[in-house]
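Letter by letter, the chains look like this.
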Amino acid sequence: PRKGYPILSDSNKIGEVTSGTYSPFTKKSIAMGYVKREFSEAETTLCVEIRGGSIKAKVIELPFYRPKAREEG
């Protein structure tokens, strides 16, 4: 997902991506965007329209990546 791509729920535009990239830590594409308040709860499943198709997306809390705590050795 890239800046300006529509965020959808049931084929209805409910927001827009503000930034996106590939995350080497999670090995997944990540993005941030604005959506209508009723779609902003964590774990909500949405879609992002990309080049005429759509991909599944999920609302998560920041940060995207939480490293595991190191064990004292």
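Residues numbered from 1 in each chain as written. Predicted model: local features only at pLDDT ≥ 70, side-chain atom pairs only at ≥ 80, totals over all residues. Heavy atoms only, no water.

Brief notes about the environment of A69
Consideration 1: When you line up the elements, A69 lands in the segment after β5 (53-58).
Consideration 2: Classification of A69 by relative accessible area gives exposed; the value is 73%. (Helix = DSSP H or I, 4+ residues; strand = E, 2+ residues; numbered from the N terminus. Buried < 20%, exposed > 50% of the residue type's maximum accessible area, 1.4 Å probe, protein only.)

Re the pattern of salt bridges
Consideration 1: Under the definition given, this model contains two salt bridges.
Consideration 2: Linking E43 and K58 is a salt bridge whose minimum nitrogen-to-oxygen distance equals 3.5 Å. Here the residue E43 occupies a position in the loop between β3 (28-35) and β4 (45-50), and K58 occupies one in strand β5, the gap between them amounting to 15 residues. (Salt bridge = Lys/Arg side-chain N within 4 Å of Asp/Glu carboxyl O.)

Brief notes about unusual backbone geometry
Consideration 1: The backbone of K27 sits at a positive phi, close to 60°, despite the residue not being glycine.
Consideration 2: Phi is positive for R51, close to 45°, though the residue is something other than glycine.
Consideration 3: Here R51 lies in the loop between β4 and β5.
Consideration 4: A relative accessible area of 74% means that R51 is categorised as exposed.

Overview of the pairing of strand β1 (residues 6-9)
Consideration 1: Residue alternation in β1 divides its side chains into two sets, P6 and L8 and I7 and S9, and both sets are buried.
Consideration 2: Where β1 lies against strand β2 (residues 12-23), four bridges are found, and the strand directions are antiparallel. Bridging from a neighbouring strand, S9 pairs with N12 of β2.
Consideration 3: With antiparallel pairing between neighbouring strands as the criterion, β1 and β2 make up a hairpin whose turn holds two residues, including D10 at a positive phi of roughly 50°.
Consideration 4: Pairing between β1 and β4: two bridges, direction antiparallel. (Pairing = 2+ DSSP bridges.)

Some details on the nonpolar core
Consideration 1: Counting residues in hydrophobic clusters, the biggest one holds eight residues: I7, I14, V17, F39, L46, V48, I50 and V59.
Consideration 2: Mapped onto this core, the elements with two or more residues apiece are β2 and β4.
Consideration 3: The element contributing the most residues to this core is β4, with three residues.
Consideration 4: Beyond its immediate chain neighbours, meaning those up to four positions away, I50 contacts P1, Y5 and I55. (Core = buried A, V, L, I, M, F, W, Y, C linked by side-chain atoms within 4.5 Å. Contact = heavy atoms within 4.5 Å.)

Comments concerning the sheet that holds β4
Consideration 1: Spatially, five strands are ordered β3-β2-β1-β4-β5 in an open sheet, and the strand pairing comes out antiparallel. At either margin of the open sheet sits one strand with a lone partner, and together these are β3 and β5. Each neighbouring strand pair of the sheet contributes to a mean axis angle of 40°, computed without reference to strand direction. (Axes fitted to C-alpha atoms, helices over the stretch in contact; angles between N-to-C directions.)

Remember, this is a structural readout, not a statement about activity or role.
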